[in-house]
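# Breakdown of the fold
This is what each chain is made of:
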Amino acid sequence: MKKTLILFGALALSLTTSAQSGTVVYNETMKLEIHLEGAGAEMENMFPKERTSAKLLHYSEKASLFLNGPKNEEQEVTEEMAGGGSMVIKIDEPDEQVYFDIEKQMVTEQRDFMSRMFLIELNADTMAWKLTGNRREILGYPCMEAFYIRDSVKTIAWFTPSIPVSTGPAKYHGLPGLILEVNVNDGKRLITAASVTPGDVS
């Protein structure tokens, strides 16, 4: 079942031979808040403060598939301990994926829970984006800034009308152009495009 969503998404994307298709490589940085109590509190500073990983978005006019990058590996932090020993702290990243049917506005998520894979299908969220009028370039693409606020969390997105595909990384969508950067809650989650490769996805 682990590969079900990849195969389903790849098949749907391969059926589209549009010029508005391609692959985006993103770098995603997540701030980590690890709080330990009692005897483990002194180990709190040993844990990393953030996790950075590579992500892929395969997109077309009809659908997109967001998944871990091919070189994405678990992070390791090695701490030297008294007495000459060492402790290795590993941060495992689940194989979670998001398939977005742009035409039907349906999202299918693959989630890893208790070492089991689940597929969850639901209607795409309506994101009440507001344009700010700010502009900048990302990877040579002219981009416009938009934001929305939900449950006191502010999400800022930069999208490019030069690629008129209404999708983006993770579950972010709903703008008149491909989203190349997402900033959630002032950098607690930052997803930034590292490269864009136009072309048919197969």
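Whatever comes next refers back to the structure up there.
Analysis parameters
Residues numbered from 1 in each chain as written. Predicted model: local features only at pLDDT ≥ 70, side-chain atom pairs only at ≥ 80, totals over all residues. Heavy atoms only, no water. Buried < 20%, exposed > 50% of the residue type's maximum accessible area, 1.4 Å probe, protein only. Helix = DSSP H or I, 4+ residues; strand = E, 2+ residues; numbered from the N terminus. Lys, Arg positive; Asp, Glu negative; His and termini not counted. Salt bridge = Lys/Arg side-chain N within 4 Å of Asp/Glu carboxyl O. Polar contact = N/O pair within 3.5 Å; in protein donor to acceptor, adjacent residues only side chain to side chain. Contact = heavy atoms within 4.5 Å. Patch = residues over 30% accessible without salt bridge, like charges linked within 9 Å, V, L, I, M, F, W, Y side chains within 5 Å. Areas by Shrake-Rupley, 256 points an atom, 1.4 Å probe, with all protein chains shown as cover.

Strand S6 (residues 97-101) sits mainly inside the fold: 5 of its 5 residues count as buried. Neither face of S6 is open: one carries Gln97, Tyr99 and Asp101, the other Val98 and Phe100, and all of them are buried.

Okay, the side chain of Glu145 next. By secondary structure assignment, the location of Glu145 is in strand S10 (residues 141-150). For the buried Glu145, no salt bridge is present, and the opposite-charge side chain at shortest range is Lys154, 6.9 Å distant. A polar side-chain atom of Glu145 sits 2.7 Å from a polar atom in the side chain of Thr132. One polar contact links Glu145 to Asn134, side chain to side chain, over a distance of 2.6 Å. Excluding residues that lie within four positions of it along the chain, Glu145 makes contacts with Lys130, Leu131, Thr132, Gly133, Asn134, Ile156, Ala157 and Trp158.

A cluster of nonpolar side chains, contributed by Phe118, Ile120 and Leu122, occupies part of the molecular surface with about 200 Å² of accessible area. Within the secondary structure, Leu122 sits in strand S8 (residues 116-123). Residue classification places Leu122 among the partly exposed positions, given a relative accessible area of 30%.

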